[in-house]
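# Architecture at a glance
What follows is the residue order along each chain.
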Amino acid sequence: MAVAEQQTASQVAPGAGDKSWHGIVLQTLKRNEISLVPYVPDRVLTPLISNLHADPFFTTFATAREEEAVGIVSGAWMGGRRGAVLMQTSGFATLANVLASLAVPYQIPLIMFVSERGTLGEFNYGQSLVCRTMRPVLDSLALEHHTITRLDELEFITDRSIKQAVTTQAPVALILNPLLTGGKTFDK
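What counts and how
- Sequence order as written defines the numbering, with residues in each chain counted from 1.
- Per-residue local features are limited, in this predicted model, to residues with pLDDT of at least 70; the limit for side-chain atom pairs, both in listing and counting, is 80 or more; totals at the level of whole chains, interfaces and linings are taken over all residues.
- Working from all heavy atoms in the structure, the side-chain values ignore hydrogens and water.
- Counting from the N terminus, the helices are DSSP H or I runs at least four residues long and the strands are E runs at least two residues long.
- Note on classification: 1.4 Å probe, protein chains only; a residue is buried when its accessible area is under 20% of the maximum for its type, exposed when over 50%, partly exposed between these limits.
- Contacts were defined at the residue level, with two residues in contact if any of their heavy atoms lie within 4.5 Å.
- Distance and chemistry together define a polar contact, namely a pair of N or O atoms within 3.5 Å, with one atom able to donate a hydrogen and the other to accept it when in protein, and with adjacent residues in sequence counting only for side-chain atoms on both sides.
- Two rings from Phe, Tyr or Trp (for Trp, the six-membered ring) form a pair when their centres are within 6.5 Å of each other. A pair whose planes differ by under 30 degrees is stacked, one over 60 is edge-to-face, and the rest are tilted.
- Two strands make a pair as long as DSSP finds a minimum of two bridges between them.
- To obtain each axis, a line is fitted to C-alpha atoms, and for helices this fit is confined to the stretch in contact; angles are then taken between N-to-C directions over 0 to 180 degrees.
- Residue types Ala, Val, Leu, Ile, Met, Phe, Trp, Tyr and Cys, when buried and joined through side-chain atoms within 4.5 Å, form a set referred to as a nonpolar core.

### A short note on the environment of Glu 153
The topology assignment puts Glu 153 in helix H7 (residues 151-168). Its relative accessible area of 19% is what places Glu 153 among the buried residues. Measuring from C-alpha to C-alpha, the distance between Glu 153 and Leu 180 comes to 9.9 Å, with 27 residues separating the pair along the chain. With sequence-adjacent residues up to four places away left out, Glu 153 is seen in contact with Thr 147 and Ile 148.

### Let's talk about the side chain of Ser 20
Take Ser 20: it is sitting in the segment before helix H1 (21-31). Exposure remark for Ser 20: the relative accessible area of 1% places this residue in the buried category. Polar contacts involving the side chain of Ser 20 include one to the main-chain amide nitrogen of Gly 23, which spans 3.0 Å.

### A short note on the environment of Leu 36
Here Leu 36 shows up in strand E1 (residues 34-39). Look at Leu 36 and you get buried, because its relative accessible area is 5%.

### Some remarks on the environment of Ser 140
For Ser 140, the location among the structural elements is in helix H6 (residues 125-140). The exposure class assigned to Ser 140 is exposed, which follows from its relative accessible area of 60%. In terms of polar contacts, Ser 140 uses its side chain to reach the backbone carbonyl oxygen of Val 137, at 2.9 Å.

### As for the packing of aromatic side chains
Going through the model one piece at a time under the given rule, you end up with 1 aromatic pair. Taken together, a centroid distance of 5.0 Å and an interplanar angle of 85° make the contact between Phe 57 and Phe 58 edge-to-face. Judged by relative accessible area, Phe 58 falls into the buried class, the value being 7%.

### Examining the pairing of strand E6 (residues 172-176)
On a regular strand, each side chain points to the face opposite its neighbour's, so the side chains alternate between the two faces of the sheet. Of all 5 residues that make up E6, 5 are buried, and the element is covered over most of its length. Along E6, one buried face is formed by Val 172, Leu 174 and Leu 176 and the opposite face, lined by Ala 173 and Ile 175, is buried too. Bridge analysis of strand E4 (residues 111-115) against E6 gives 5 bridges, and the strand direction is parallel. Counted as the bridge partner of Phe 113 is Leu 174 from E6. With 5 bridges joining them, strand E5 (residues 144-148) and E6 adopt parallel strand pairing. By the bridge assignment, His 145 is partnered in E6 with Ala 173.

### Focus: the sheet that holds E5
One open sheet holds the 6 strands; their spatial order is E2-E1-E3-E4-E6-E5, and the pairing between them is parallel. Two strands in the sheet have a free side with no partner beyond their single neighbour: strand E2 (59-62) and E5. Each neighbouring strand pair of the sheet contributes to a mean axis angle of 20°, computed without reference to strand direction.

### Re the nonpolar core
Counting residues in each nonpolar core, the largest one holds 28 residues, and the members touching the most others are Trp 21, Leu 29, Leu 86, Ile 111, Phe 113 and Leu 154. Sort the elements by how many residues they give to this core and H7 lands first, with 6 residues. Aside from chain neighbours lying at most four places away, what touches Leu 29 is Ile 34, Val 37, Leu 52, Phe 58, Ala 84, Phe 113 and Ile 162.

Have a look at this one:
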């Protein structure tokens, strides 16, 4: 059942019956009381971002850099609020320092959703290079990470990963593969 969603945010309103990848992520965040979602804009994540903005439960806003979003979520955690960060693969490449010097040593349950670029027909060589370094960086920091490719596994992996991150106070990266999201489409 690994079929990329073709629905846009305007076709499916956020709600419990929404079975799109972005609808499932939104509902899972809500169930886990994650209400703060800073992001760096990304075309693949646009349906999720649009639905988060439309739902008054969430405080959602763009940041200039991924490190800024991590700092905001980390401060929110210290103040008693749960958050998640949205980014793409190339943005993750900027995070090694903030993960190693903030999220890991201060035991911040940082939930990262990363739209995966650099694979499955990627045209940009730079994206491909960054994609190959992402998992080794996560492994070197001993950070939990899961690559999600199928809609039928998305809710389970997302929900359990959030619960584990909060319970163990450790970051987690949920890598959203193009088989799940449809990836970035390129017009000729």
